[in-house]
Amino acid sequence: MRPALRPYVLIVPALLLTCGILYPFGLGLYYTLFDFSASEPQPDMVRFENYEAVFTQEAFWNSAWVTVLYAVGAAAVETVLGVAVALLLHRSTILGRILEKILILPLMIAPVIAAIIWKLMLQPSVGVVNYLLRPFGLGGVQWTDTPTGALLSSIAVDVWVYTPFVAILALAGLRSLPTSPFEAAAVDGAGWWYTFRRLTLPMLWPYVLVAVIFRFMDSLKVFDIIYALTEGGPGDSTVVLQIRAYLEAIRFQRYSFGISYTIVLWAVVYLAAMVLVRHLGKIQRRAAEVTTK
């Protein structure tokens, strides 16, 4: 092979992958301009009426609010717990090395399987969680049978599954930090809290923000955990945008309308990612300034 042709050959897989992504996306975007449904064998072009219907539907704003609550709650709890676990594991002890290996176990379980397991464990009458809490007078809690309980239970399952991901990423960041600033702080007699607040956290923020971006983006388009745990119930208390799109397109068989939901969700995820990635650049520059001081 000629050296001049090698770059073009190497780019072919990426080009094919890009086409494989853009084609169904463009086709779905095209379908939203029509009124495809099970009751409409000959769809007409309606232009942007599907999007107008989406934004004027009360169910959309309810789903958007539930999606934001879920994404912010899950990402915030996972970030705090993940960083705390990483700080504990950063100490080179035998127990820490053992826990580090155990930490990845939730990540080896498919989220939908984890949600089904937790659904059985949270059963009010026969679930093991209420059985363990009964001696403390907390048995019989309706974990997924109330709107607030269902949302909190869904967030808790998400936290159980994905906190190890944040912890592993934060732990990798801790182990890559330079040692000279910490040695200088120790010589000056700086305490643990001052060192953490002035050195560790500013330099660790880029790694933490990367974890936040991954988890927040993933939580915005969550489907498997909530559907397996509550199916969007009770009522529509846990119907996030992804589940609303599924209900409209599959269960109600309004295909174009359901696809419009997914396009709106894509736009939300894209804009949120742009904002967070731009903020990541600023955080990286601040971390570099702390390192060079």
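Residues numbered from 1 in each chain as written. Predicted model: local features only at pLDDT ≥ 70, side-chain atom pairs only at ≥ 80, totals over all residues. Heavy atoms only, no water.

For the structure shown, the criterion picks out 20 aromatic pairs. Look at Phe-34 and Phe-36: their rings are 5.7 Å apart centre to centre, the planes differ by 55°, and that puts the pair in the tilted class. Each ring, one from Phe-223 and one from Tyr-227, has its centre 5.2 Å from the other, and the planes form 10°; the classification is stacked. These aromatic residues form a ring-pair network of at least three members: Phe-55, Phe-60, Trp-61, Phe-257 and Tyr-261. Against the face of Tyr-162 rests Arg-215, its NZ or CZ located 3.7 Å from the ring centre. (Phe/Tyr/Trp six-rings, centres within 6.5 Å; stacked < 30°, edge-to-face > 60°. Lys NZ or Arg CZ within 6 Å of the ring centre and 35° of its normal.)

As recorded in UniProt, the sites labelled "transmembrane region" (unreviewed entry) are residues 7-31, 68-90, 102-121, 159-178, 199-217 and 255-277. Secondary structure across residues 199-217 divides into 100% helix and 0% strand, with the first and last C-alpha atoms of the span separated by 28 Å. (UniProt positions renumbered as here; feature names shortened; annotations may be inferred. Helix = DSSP H or I, 4+ residues; strand = E, 2+ residues; numbered from the N terminus.)

With that settled, consider the packing of helix H9 (residues 180-187) against helix H10 (residues 192-220). Relative placement of two packed helices is described by the angle separating their axes and the distance separating the axes. It is at 11 Å that the axes of H9 and H10 come closest, and there the two elements cross at 180°. With respect to their mutual orientation, H9 and H10 come out roughly antiparallel. Residue-level contacts link Pro-181, Phe-182 and Ala-185 of H9 to Thr-195, Leu-199, Thr-200 and Met-203 of H10. The residue inventory of the contact of H9 with H10, partitioned by class, reads five nonpolar, two polar and no charged. (Axes fitted to C-alpha atoms, helices over the stretch in contact; angles between N-to-C directions. Parallel < 35°, antiparallel > 145°, perpendicular 65-115°, else oblique. Contact = heavy atoms within 4.5 Å. Nonpolar A, V, L, I, M, F, W, Y, C, P; charged D, E, K, R; others polar.)

On to a positive patch on the surface. The grouping of Arg-278, Lys-282, Arg-285 and Arg-286 at the surface amounts to a positive patch. By the secondary structure assignment, Arg-286 is in helix H13 (residues 255-292). (Patch = residues over 30% accessible without salt bridge, like charges linked within 9 Å, V, L, I, M, F, W, Y side chains within 5 Å. Areas by Shrake-Rupley, 256 points an atom, 1.4 Å probe, with all protein chains shown as cover. Salt bridge = Lys/Arg side-chain N within 4 Å of Asp/Glu carboxyl O. Lys, Arg positive; Asp, Glu negative; His and termini not counted. Charge placed at Lys NZ, Arg CZ, Asp CG, Glu CD.)

It is worth spelling out the side chain of Ser-219 at this point. Examined against the element boundaries, Ser-219 turns out to sit in helix H10. Among the polar contacts listed, one links the side chain of Ser-219 to the backbone oxygen of Arg-215, at a separation of 2.8 Å. If we skip the residues at most four places from it in the chain, Ser-219 touches Tyr-70, Ala-71, Ala-74 and Asp-158. (Polar contact = N/O pair within 3.5 Å; in protein donor to acceptor, adjacent residues only side chain to side chain.)

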